[in-house]
Amino acid sequence: MARDMQITYDCADPAGLAAFWAEALGYRLQDPPGDFTSWEQALEAWGVPAEHRNDASAVVDPDGAGPRLFFQRVPEPKQAKNRVHLDVRAAPGLEGEERMAALEAEAERLTALGARRLQRHEPAPPMNAGHLVLADPEGNEFCLD
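What counts and how
- Residues numbered from 1 in each chain as written.
- Predicted model: local features only at pLDDT ≥ 70, side-chain atom pairs only at ≥ 80, totals over all residues.
- Heavy atoms only, no water.
- Helix = DSSP H or I, 4+ residues; strand = E, 2+ residues; numbered from the N terminus.
- Buried < 20%, exposed > 50% of the residue type's maximum accessible area, 1.4 Å probe, protein only.
- Contact = heavy atoms within 4.5 Å.
- Areas by Shrake-Rupley, 256 points an atom, 1.4 Å probe, with all protein chains shown as cover.
- Lys, Arg positive; Asp, Glu negative; His and termini not counted.
- Charge placed at Lys NZ, Arg CZ, Asp CG, Glu CD.
- 1 Å grid on protein atoms, 1.4 Å probe; cavity = no way out; pocket = protein on both sides within 12 Å on 5 of 7 lines; lining within 4 Å.
- Points joined across faces, edges and corners; volume = space filled by probe spheres on them.
- Nonpolar A, V, L, I, M, F, W, Y, C, P; charged D, E, K, R; others polar.
- Expected span 1.5 Å × (residues − 1).
- Arc of directions from axis to C-beta.
- Axes fitted to C-alpha atoms, helices over the stretch in contact; angles between N-to-C directions.
- Parallel < 35°, antiparallel > 145°, perpendicular 65-115°, else oblique.
- Left-handed = near helix turned anticlockwise from the far one by under 90°.

What follows concerns the overall build of the protein chain. A tally of regular secondary structure across the protein chain gives three helices and eight strands. Reading the protein chain from its N terminus to its C terminus gives the helix and strand order β-α-β-α-β-β-β-α-β-β-β. Looking at the protein chain as a whole, 33% of its 145 residues are labelled buried. In the protein chain, of all internal contacts separated by at least 6 residues, the share reaching a separation of at least 24 is 58%. Roughly 9100 Å² of accessible area belongs to the protein chain as shown, and the carbon and sulfur atoms make up 53% of that amount. In the protein chain, which carries 14 positive and 25 negative side-chain charges, the distance between the mean positions of the two groups comes to 5 Å.

Okay, here's the thing in structure tokens:
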């Protein structure tokens, strides 16, 4: 039996990182529960102090196909290279220079949102599928492929 899953990020700014990944993936912020019209309204009603209102955030695939991404505040900064990372499919079906041009265009869009370029890997045999390595605004590496 397949299980439902989410991907969890430890981070310093859950709302900021959630906003970045929502834009990067075409996701949306998760709706507040029940009859609340905003998360601010829900947190206020629950008595959450202002200094804890950015302790967590989540984004979801509007089509319900992709995993939920959950962002939780932690006190320590990122220390080392990710052992697991996301591959963002930005050029499906494309090859060679056409593929790399599509990846570069997406990298430009994401750097305008706060990502950083780390590496470019040129197409090479046997797969001939180059890719780009970027980091999100908090330094979590991901690939555009």
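Don't stop here, the text continues.
Attention now goes to the layout of surface pockets. Empty space within the largest pocket amounts to approximately 440 Å³. Taken together, 19 residues make up the lining of the largest pocket; nearest its centre are T8, Y9, D10, N82 and N140. The biggest single contributor to the lining of the largest pocket is strand β1 (residues 6-11), with five residues. Residue composition of the lining of the largest pocket, grouped by class: nine nonpolar, four polar and six charged. Of the voids in this model, the second largest pocket is the one considered here, and its volume is about 360 Å³. Along the wall of the second largest pocket there are 16 residues; nearest its centre are W39, L43, R53, A56 and S57. Of all elements in the fold, only α2 (39-45), β3 (56-60) and β4 (68-73) reach the threshold of two or more residues within the lining of the second largest pocket.

Let's shift gears to helix α3 (residues 96-112). Spanning 17 residues, α3 covers 25 Å between terminal C-alpha atoms, matching the ideal 24 Å at 1.5 Å per step. Buried within α3 are the following residues: R99, M100, L103, E106, A107 and L110. Summarising the axial view, the buried residues of α3 lie within an arc of 125°, below the 170-degree limit, and thus occupy one face. Away from the buried face of α3 by more than 90 degrees, exposed residues E97, E98, E108 and A112 are located. Of the residues trailing α3, G114 is marked for its positive phi of about 120°.

Another aspect to go through is the packing of helix α1 (residues 14-25) against α3. Helix-helix packing is characterised by the crossing angle of the two axes and by the distance between the axes. Two elements in contact, α1 and α3, have axes whose closest approach is 10 Å; the angle formed by their N-to-C orientations is 155°. Between α1 and α3, the angle is such that the two are roughly antiparallel. Two packed elements cross with a definite hand, and for α1 against α3 that hand is right-handed. Side by side, α1 and α3 meet where F20, E23 and A24 of the first sit next to E106, R109 and L110 of the second. The residue inventory of the contact of α1 with α3, partitioned by class, reads three nonpolar, no polar and three charged.

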